[in-house]
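Summary of the model geometry
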Amino acid sequence: MGFHLSPASSTRKWLGFVTAVWVQSISGNNYTFSNYSDALKSLMDLTQLELNNLSVAKDVGKAFGLLAGLASDRLPTPVILLIGSVEGLVGYGAQWLVVSRKIQPLSYWQMCIFLCMGGNSTTWMNTAILVTCIRNFRKNRGPVSGILKGYVGLSTAIFTDLCAALFDSNPATFLLLLAVVPLVICLTAVLFLREVPPSSTAMDEKEESQFFNIFNIVAVVIAVYLLIFDVTGSHGRILSEAFAALLLFLLACPLCIPLYCMIQDFNQSGSKPNTDIEGLITEPLLGQNNEPEMAAPAEEKGEPENELVVEVKPSWPSMGEDHTIIEAIRTFDFWILFTSFLCGVGTGLAVMNNMGQIGLALGYVDVSIFVSLTSIWGFFGRILSGSVSEYFIEKAGTPRPFWNAASQILMAVGYVLMALALPGSLYVGSIVVGICYGVRLAVTVPIASELFGLKYYGLIYNILILNLPLGSFLFSGLLAGLLYDAQATWTPGGGKTCIGSHCYRLVFMVMAFACVIGFALDILLAIRTKKVYAKIRSSKRSKKPAAPSSS
């Protein structure tokens, strides 16, 4: 009577989720461009517009995430993870060779290709993680999305602070970490992350919620720990190494959950074999039987009744049911979600991509603190919005797009503060933009699955993610790049630079107006989807009293 981990065991399920969290902890490398953009600018003698277009090339890699979306329904999760990690090794590895001067600087178009590969690598990893985990924990989509997207937000601070602690923020070493670390972590996830049957009883769902609370607590501790390291200034060598060791320990702490499940599984296997067929038959089987039972009376009454059933059957899926990609993009709600998402993430990316130049224009020599602040507070936005939006759906049926609307109007306020360039406004603006950008990403993930279903979720998600390269091009490449160069002057050493609050003032005001438009669209979507979320609330509430009677 040996102990054996079945593919559907809770231990394997939670071990897979822990490795998914680790992958998300290192997959936010798209937001770290500011950490090495100055090195590329000086090495390749670029104007600000050319540098911004390099960042756009990085984000254009997201557009090819459609390939990952298509593959998510055809390839197993381990293969998708391997594709992403190997592509990242090549993309960031080539950039490391250039910045470390191991090779001569590549041509501009070649660097665009490698930056595009680095950006695309994360779409494979994110698609594999999100699609698999949303399907594994479909009753807790909000918390799952918040946790996973939260760790993506933290990943920028994790990489930045580890590099600062161990390698003195060397841009070449930073790029080497971006190339190698994701490959190592993905190889670990390949062993454990699989799609498994979702929970089917109220007790399982309650246990899931308790475990997700533990993940949230650990994540908040990590975020606060990183924040303390950032605000306490420079540290000695020994203290920095101790910080790195403790950070790695905190990232390993979620392993206590699968360890607990393994002990439970071992005790159960030792006392009573779990071979009770009736115990394994749960709600999905009853759900499948409902349709034939409902159809049986119609069949008994003959053909005329059958014709009536065919006429009543809807030919187009209603909101909340599974949509194909064609059916989804032919709905008005999809384009409301798409456009409002563009207003939020496009402007947020413009700030992240230009944070280095924004800080220098306002007189800050070291801008890494702003990169970390945006990342850490983005984490709080992601992780809280997932759980809070889920709570209000259960309590009041509050549509999830309402939280996107709240984040958009707050983001507009943040841009106005940054445009005013008051003392400390860049600190406040970085925090506000980080929180709102995090909310936007975390809340949109479950909205897409709730409105258009899970069957083709991977592809629908990656079409929404097209907003990242599109927004980066519009707000960062065109708006910020052109307006900055219009204000900049040539320097004696070559290149153009701009110093002063006027450099980005008009950029911030235009982005604030875009967020107001996004706010209006999100309010409209919240009104239009009110019935969908009322139905989700009633299904959640009706399931609780029904659970005990299943035995």
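Every value quoted in this text rests on a predicted model; they were computed, and no experiment measured them. (Residues numbered from 1 in each chain as written. Predicted model: local features only at pLDDT ≥ 70, side-chain atom pairs only at ≥ 80, totals over all residues. Heavy atoms only, no water.)

Quick notes on the layout of surface pockets
- The calculated volume of the second largest pocket comes to roughly 360 Å³.
- Lining the second largest pocket are 18 residues, with Ala164, Phe229, Gly233, Ser234 and His235 sitting closest to its centre.
- Among the secondary structure elements, those contributing two or more residues to the lining of the second largest pocket are α7 (141-167), α9 (202-231), α10 (237-252) and α17 (368-396).
- Per element, the largest residue contribution to the lining of the second largest pocket is four residues, and it comes from α7.
- In terms of residue class, the lining of the second largest pocket is made up of four nonpolar, nine polar and five charged. (1 Å grid on protein atoms, 1.4 Å probe; cavity = no way out; pocket = protein on both sides within 12 Å on 5 of 7 lines; lining within 4 Å. Points joined across faces, edges and corners; volume = space filled by probe spheres on them. Helix = DSSP H or I, 4+ residues; strand = E, 2+ residues; numbered from the N terminus. Nonpolar A, V, L, I, M, F, W, Y, C, P; charged D, E, K, R; others polar.)

A word on the packing of aromatic side chains
- Counted by the stated rule, this structure contains 29 aromatic pairs.
- Seen from their ring centres, Phe17 and Phe212 are 5.5 Å apart, and the 70° between their planes marks the pair as edge-to-face. Taken together, the positions of Phe17 in helix α1 (residues 10-25) and Phe212 in helix α9 put the pair 195 residues apart, joining distant regions of the chain. Summarising the burial analysis for this pair, Phe17 and Phe212 share the class buried.
- Note on Phe402 and Trp403: the rings are 5.2 Å apart at their centroids and 80° apart in plane angle, and the pair reads as edge-to-face. (Phe/Tyr/Trp six-rings, centres within 6.5 Å; stacked < 30°, edge-to-face > 60°. Buried < 20%, exposed > 50% of the residue type's maximum accessible area, 1.4 Å probe, protein only.)

Details of the state of the cysteines
- With the rule as written, the count across this model stands at one disulfide.
- With its sulfur 2.0 Å from that of its partner, Cys498 forms a disulfide with Cys503. Across the S-S bond linking Cys498 and Cys503, the dihedral sits near -90°, which makes this disulfide left-handed.
- Here Cys116 stays free of any disulfide, with the sulfur of Cys112 as its closest cysteine sulfur at 8.8 Å. (Disulfide = S-S within 2.5 Å.)

Some points on unusual backbone geometry
- Its identity as a non-glycine residue notwithstanding, Arg101 has a phi of 65°, on the positive side.
- With respect to the helices, strands and loops of the structure, Arg101 is situated in the loop between α5 (77-99) and α6 (108-136).
- Using a relative accessible area of 63% as the deciding quantity, one classes Arg101 as exposed.
- The phi angle at Ala421 is positive, at roughly 55°, despite the residue not being glycine.
- Structurally, Ala421 can be placed in the loop between α18 (401-420) and α19 (425-452).
- The partly exposed category is assigned to Ala421, whose relative accessible area is 25%.

Re the environment of Gly348
- Tracing the sequence through the fold places Gly348 in helix α16 (residues 332-361).
- Distance in space between the C-alpha atoms of Gly348 and Gly434 is 7.8 Å, their sequence separation being 86 residues.
- If sequence neighbours within four positions are ignored, Gly348 has contacts with Met411, Tyr415, Val433 and Tyr437. (Contact = heavy atoms within 4.5 Å.)

Digging into a nonpolar patch on the surface
- There is a patch of nonpolar side chains on the surface, built from Val86, Leu89, Val90, Leu176, Val180 and Val184 and spanning about 420 Å² of accessible area.
- Tracing the sequence through the fold places Leu176 in helix α8 (residues 171-192). (Patch = residues over 30% accessible without salt bridge, like charges linked within 9 Å, V, L, I, M, F, W, Y side chains within 5 Å. Areas by Shrake-Rupley, 256 points an atom, 1.4 Å probe, with all protein chains shown as cover. Salt bridge = Lys/Arg side-chain N within 4 Å of Asp/Glu carboxyl O.)

Details of the side chain of Gln408
- Tracing the backbone shows Gln408 in helix α18.
- For Gln408, the residues in contact, after removing those within four places along its chain, are Ser340, Cys343, Gly344, Arg440, Cys515, Gly518, Phe519 and Asp522.

Some remarks on α19
- For α19, which comprises 28 residues, the first-to-last C-alpha distance of 40 Å matches the rise-based estimate of 40 Å (1.5 Å per residue) to within 8%.
- A positive phi of about 85° marks Gly453, the residue just after α19. (Expected span 1.5 Å × (residues − 1).)

A few points about the packing of helix α3 (residues 48-60) against α16
- At a minimum axis separation of 11 Å, α3 and α16 run at an interaxial angle of 140°. When the interaxial angle is binned, α3 and α16 end up oblique. Handedness of the crossing formed by α3 with α16: right-handed. On the side of α3, the interface is formed by Gln48, Leu51, Asn52, Ser55, Lys58 and Asp59, while α16 contributes Leu349, Asn353, Asn354 and Gln357. (Axes fitted to C-alpha atoms, helices over the stretch in contact; angles between N-to-C directions. Parallel < 35°, antiparallel > 145°, perpendicular 65-115°, else oblique. Left-handed = near helix turned anticlockwise from the far one by under 90°.)

Some details on empty space enclosed by the protein
- For the coordinates displayed, the defined rule picks out four cavities of 30 Å³ or more.
- Estimated volume of the largest cavity: approximately 120 Å³.
- Taken together, Tyr31, Ser34, Gly153, Thr156, Met352, Met355, Val371, Thr374, Ser375, Gly378 and Arg382 make up the full set of residues lining the largest cavity.
- Mapped onto the lining of the largest cavity, the elements with two or more residues apiece are α7, α16 and α17.
- Examining the composition of the lining of the largest cavity, we find that five residues originate from one element, α17, more than from any other.
- In terms of residue class, the lining of the largest cavity is built from four nonpolar, six polar and one charged.
- If you trace the second largest cavity, you find it lined by Tyr31, Lys62, Thr123, Asn126, Thr127, Lys149, Val152, Tyr461, Asn462, Ile465 and Leu468.
- The element best represented in the lining of the second largest cavity is α6, accounting for three residues.
- Residues that form the lining of the second largest cavity fall into these classes: five nonpolar, four polar and two charged.

Brief notes about the nonpolar core
- Within the largest apolar cluster, 150 residues are counted, with the highest numbers of intra-cluster contacts made by Phe17, Leu81 and Tyr415.
- Residues in contact with Phe17, not counting those within four places in the same chain, are Cys133, Phe137, Val144, Ile147, Leu148, Phe212 and Phe215. (Core = buried A, V, L, I, M, F, W, Y, C linked by side-chain atoms within 4.5 Å.)

Let's talk about the packing of α7 against α9
- It is at 10 Å that the axes of α7 and α9 come closest, and there the two elements cross at 30°. The orientation of α7 relative to α9 falls into the category roughly parallel. As α7 runs across α9, the sense of the crossing is left-handed. Residue-level contacts link Pro143, Val144, Ile147, Tyr151, Leu154, Ala157, Ile158, Asp161 and Ala165 of α7 to Phe212, Phe215, Asn216, Val218, Ala219, Ile222, Ala223, Leu226, Phe229 and Asp230 of α9.
- Here the contact of α7 with α9 is built from residues that sort into 16 nonpolar, one polar and two charged.

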